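In case you want the letters, here they are:
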Amino acid sequence: MVILGSTGSIGVSTLDVMARHPARFQVAGLSAWQRIDELAAQCRLWRPRHAVVPTDAAAARLRALLGPAEAEVEVLVGEGALCEMASDPEVDSVMAAIVGAAGLAPCLAAAQAGKRLLLANKEALVVGGALFVQAVRAGGATMLPIDSEHSAIFQCLPPDASRWPAFIDRIILTASGGPFRTRDPASFTDITPAQAVAHPNWVMGRKISVDSATMMNKALEVIEARWLFDLEPSRIEVVIHPQSVIHSMVVCRDASVLAQLGTPDMRVPIAYGLSFPERIESGASRLDFSAMAGLSFEPPDATRFPGLRLAYEVLSGAEGDSVVLNAANEVAVESFLEGRIGFPHIHAVNVATLAALAGAGRPPASLGDLLDLDARSRDVARRHVARLS
Ligand code: NAD
Ligand code: MG
């Protein structure tokens, strides 16, 4: 296994599940962007062949921290090294747990090399779109969804994907509604980064936590589902389910509805990705039905969560529009976390960037085209941020 982004929330949970099955898994490679101390501790424990960091300075620091493990772990630098590690012939599976479009290149490398690709990094699929799916097909890779909603749907479907079109009528992605589901929208301008990252049900990285508060996370997940399950957007619905017990549902052709349930613990979808088609112990606690007060559902409020509709807009627009939306949102969330713009400005930046660039240019035909459009969109988004701050 290679774990890209091993020091993040998903990376740490992945190693936690793997540690429960020492005879089953070996770590071939790890990577981190920050938290080099934590990466060093992981390397000392798991002794991977490779560890990848972003800079020469980080590499020197990691080598110094490794101690006796230094002889076994080769420390490499940069995106090229991530791609090499993800396509190494000795590697079977790659957990893609980097956050943002930064994870796209190594994901594509793993797909082209025919790996078993455990995909948590939803932004990579949102940005990669049709090119990503083609790379998986051409490389003979297997893509296993790790996002809890998409894992839930995958768990409800027959293992043979050729049967999915005849099986699925619609899918229903559940959403918790995040920390501001009942907060007065008039006070959204007062929301602080600390309030936005305090998710009621899930403990996650900062970026996805803010996305959950705006429901842009669900927008990205609608786009992710479009590519994972090859579904027209009109067949992808979203319902708010504050208890996060049902992780998503499939409405079958015969009107039967299948759901996957569990405690909100990412180790469940991670364990399924690691062991598919088998099941292994994940470490998650079991649902206690006797303690459950009830399950409730409500439609998402479009005024409170205006970002959700952007998913459907970009999916019916030009091929590069998802790239523009994702880039704008990454810039907007970072700017919000840095205290430079207010919470409602995140949506404003996304809308303004889309208005400037949607439908711009020819459809992206290569990784280079995608990264080009991503960079141009970030520039436009940054200019909007500067105007607002
Ligand atoms: P995180 O911020 O906790 O971790 C991100 C990891 O990526 C870290 O190891 C970090 O060092 C690395 N990283 C950050 N920027 C990088 C860059 N530019 N280049 C290379 N590496 C970089 O994030 P997370 O919550 O673990 O989420 C990871 C991905 O999984 C995201 O795409 C997220 O949407 C998805 N996901 C997370 C959860 C969850 O519960 N945390 C659930 C579903 C999906
Ligand atoms: Mg999710």
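For the structure, see preceding data.
Just so we're clear, the structure is a prediction, and the values are computed from it rather than from any experiment. (Residues numbered from 1 in each chain as written. Chains lettered and ligands numbered in written order. Predicted model: local features only at pLDDT ≥ 70, side-chain atom pairs only at ≥ 80, totals over all residues. Heavy atoms only, no water.)

Re the sheet that holds strand β7 (residues 142-145)
Reading across from one edge, β4-β3-β2-β1-β5-β6-β7 is the order of the seven strands in this open sheet, with parallel pairing throughout. Where the open sheet ends on each side, the last strands, each with one partner, are β4 (74-77) and β7. Direction aside, the axes of adjacent strands within the sheet are offset by 20° on average. With four bridges connecting them, strand β3 (residues 50-53) and β4 associate as parallel partners. Its bridge partner lying in β4, H50 is registered against E74. (Pairing = 2+ DSSP bridges. Helix = DSSP H or I, 4+ residues; strand = E, 2+ residues; numbered from the N terminus. Axes fitted to C-alpha atoms, helices over the stretch in contact; angles between N-to-C directions.)

What to know about the nonpolar core
Counting residues in hydrophobic clusters, the biggest one holds 107 residues, and the most contacted among them are M18, L62, M95, F132, I171, F229 and L274. Not counting chain neighbours up to four residues away, the residues in contact with L62 comprise I36, L39, A40, A51, V53 and V75. Counting residues in each nonpolar core, the second largest holds 17 residues, with F180, A196, V331 and F336 among its members. (Core = buried A, V, L, I, M, F, W, Y, C linked by side-chain atoms within 4.5 Å. Buried < 20%, exposed > 50% of the residue type's maximum accessible area, 1.4 Å probe, protein only. Contact = heavy atoms within 4.5 Å.)

A few points about the site of ligand 1
Around ligand 1 sit 22 residues in total, of which T7, S9, W33, E123 and G205 are the nearest. In this structure, an oxygen atom belonging to ligand 1 sits 2.8 Å away from a side-chain N or O atom of T7. Contacts to ligand 1 include G205, whose backbone N or O atom sits 2.9 Å from an oxygen atom. Only α1 (9-19) and α6 (122-139) provide two or more residues apiece to the shell around ligand 1. The residue inventory of the shell around ligand 1, partitioned by class, reads 11 nonpolar, eight polar and three charged. (Near = heavy atom within 4 Å. Polar contact = N/O pair within 3.5 Å; in protein donor to acceptor, adjacent residues only side chain to side chain. Nonpolar A, V, L, I, M, F, W, Y, C, P; charged D, E, K, R; others polar.)

So, the environment of R383
One can find R383 in helix α16 (residues 367-388). Placed 221 residues apart in sequence, R383 and S162 show a C-alpha to C-alpha distance of 45 Å.

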